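# Coordinates in review
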Amino acid sequence: MKLPRQFFQPLAIGAPSPLRDLPVRLERMIHFLPPHVEKLRAKAGELAKQVDVVLGNLEDAIPIDAKEAARRGFIEMAKATDFGATGLWVRMNALNSPWALDDVIEIVGAVGDKLDVVMLPKVDGPWDVHYLDQLLAQLEARHAVKKPILIHAILETAQGVNNVEAIATASPRMHGMSLGPADLAASRAMKTTRVGGGHPDYRVLADAGADGGSRPSAQQDLWHYTIAKMVDACAAAGIKPFYGPFGDFADPAACEAQFRNAFLMGCVGAWSLHPSQIDIAKRVYSPDENEVAFARRIVEAMPDGAGAVMIDGKMQDDATWKQAKVLLDLARLVAAKDPAMGKRYGL
Ligand code: GLV
Ligand code: MG
């Protein structure tokens, strides 16, 4: 095992030092763009004004005969576009694919200084992160990249879920992770055909009454266990958890419910695969203005977080003060990106 003292050493001579703290950034939605499609690439600058992260997808959903065009298209888009404060990410191909090595070598070589995060699919354990970590360090050194490129893992294999804590702490490059419900369902042999969201058959049935009347039942959240496990691993490691894709574009209400469950459990954002999901993510992952107003009252009533006070009959102490700080910090980030929201928050 690597000694703690060495954990923050660069992995290659000349590579930038790993970050001790993650950059503070608003990442309510990671918007997926297929970079081999020229007309979508051309709109990347416009898109960057509407979303928090633009991600060029090179992996699943990109046809095999377009893999290289997608990589080239990503590089072209990264060079041609001013992303401002919006994040620029790439989802590389999986490490066991024939494209992975060239994805990393060519992209870091061409646009390493513009790239914020590499999303790494199908991470089974810390060894996958270690491999990419070392490779990125070598390339950062070779190309004199100034800030370390971060790694975001997709949690989408049964083995990955088993190893989630080791993945979260595998490298100081770890930015966070996203639940990948489609691949995870396949890896676990779940009996579904969906990309995220609930399932009508996953429900709890009330006991039968003596009168033999109807038995109410309620659909449960298929992803509750995995999201909880991922959130704990990420929070303990000081990195960020995300819900991933929601594939039924025709059901915005179900998408919003799934995003909201993840938000309430601690996730900071989700993927938007379709433009209609951008506003859903904004709505869900920007804190509610009434909650923000209440959080301000808590912080104003106990500026240093010590002791206990009652507000509207509800007890506030150190723990609710910390929750209030989470909401206020997030509201400030939203306000900086979106002045209209800032007004509603009174910030
Ligand atoms: C995402 O990549 C998923 O498999 O759900
Ligand atoms: Mg996947």
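Residues numbered from 1 in each chain as written. Chains lettered and ligands numbered in written order. Predicted model: local features only at pLDDT ≥ 70, side-chain atom pairs only at ≥ 80, totals over all residues. Heavy atoms only, no water.

Looking at the assigned domains, one finds that the chain contains domain 1 (4-285) and domain 2 (291-345). Between domain 1 and domain 2, the C-alpha centre-to-centre distance is 29 Å. Taken together, the contact between domain 1 and domain 2 spans eleven residues of the former and four residues of the latter. In total, about 570 Å² of surface goes out of reach between domain 1 and domain 2, with carbon and sulfur atoms giving 67% of it. Three residues, Val 24, Leu 26 and Arg 28, lead the burial of domain 1 against domain 2; their summed loss comes to 58% of the area buried on that side. Residues Lys 337 and Asp 52 are paired through a salt bridge, measuring 3.8 Å at the closest nitrogen-oxygen approach. Our count for the contact surface shared by domain 1 and domain 2 stands at two residue pairs in polar contact (both at pLDDT 80 or more). Looking at the side of domain 1 that touches domain 2, its residues break down into six nonpolar, one polar and four charged. (Domains from an automatic or database assignment. Contact = heavy atoms within 4.5 Å. Buried area = accessible area lost by both parts, 1.4 Å probe. Salt bridge = Lys/Arg side-chain N within 4 Å of Asp/Glu carboxyl O. Polar contact = N/O pair within 3.5 Å; in protein donor to acceptor, adjacent residues only side chain to side chain. Nonpolar A, V, L, I, M, F, W, Y, C, P; charged D, E, K, R; others polar.)

Distances from the magnesium ion (ligand 2) to its protein donors, Glu 156 (OE) and Asp 183 (OD), fall within 2.0 to 2.1 Å. Of this pair, Glu 156 sits in the loop between β5 (150-155) and α7 (158-162) while Asp 183 sits in helix α9 (residues 181-187), and the two are 27 residues apart along the sequence. Asp 183 gets classed as partly exposed once you look at its relative accessible area, which sits at 23%. (Donors = N, O, S within 2.8 Å, 3.2 Å for Na, K, Ca; no water. Helix = DSSP H or I, 4+ residues; strand = E, 2+ residues; numbered from the N terminus. Buried < 20%, exposed > 50% of the residue type's maximum accessible area, 1.4 Å probe, protein only.)

As a further point, take the pairing of strand β1 (residues 29-33). Among the five residues that make up β1, five are buried, leaving the element largely enclosed by the rest of the structure. Burial of β1 is two-sided: the residues Met 29, His 31 and Leu 33 facing one way and the residues Ile 30 and Phe 32 facing the other way are all buried. In terms of strand pairing, β1 meets strand β10 (residues 270-272) through three bridges, oriented parallel. Along β10, the bridge assignment pairs His 31 with Ser 272. (Pairing = 2+ DSSP bridges.)

Let's shift gears to the site of ligand 1. Taken together, Arg 91, Glu 156, Gly 180, Pro 181, Ala 182, Asp 183, Pro 245 and Trp 271 make up all the residues around ligand 1. Measuring from an oxygen atom of ligand 1, one finds a side-chain N or O atom of Arg 91 at 3.0 Å. The backbone of Asp 183 places a nitrogen or oxygen atom 2.8 Å from an oxygen atom of ligand 1. For ligand 1, the protein covers 93% of the area, taking 190 Å² as the surface of the free molecule. A total of three residues in the shell around ligand 1 trace back to one element, the largest contributor, which is α9. (Near = heavy atom within 4 Å. Areas by Shrake-Rupley, 256 points an atom, 1.4 Å probe, with all protein chains shown as cover.)

Helix α11 (residues 252-265) packs onto helix α10 (residues 224-237) with a crossing angle of 35° between their chain directions and a minimal axis gap of 10 Å. Crossing angle aside, the handedness with which α10 passes α11 is right-handed. Contacts between α10 and α11 involve His 224, Ile 227, Ala 228 and Val 231 from the former and Gln 258, Ala 262 and Met 265 from the latter. Partitioning the contact of α10 with α11 into residue classes produces five nonpolar, two polar and no charged. (Axes fitted to C-alpha atoms, helices over the stretch in contact; angles between N-to-C directions. Left-handed = near helix turned anticlockwise from the far one by under 90°.)

Mapped onto the secondary structure, Thr 86 falls in the loop between α4 (67-80) and β3 (87-91). Within the structure, Thr 86 has its side chain in polar contact with the backbone oxygen of Ala 48 (distance 2.6 Å). In this structure, Thr 86 is in contact with Arg 25, Ala 48, Val 51, Asp 52, Val 53, Val 54, Asp 116 and Lys 337, ignoring residues within four places of it in sequence.

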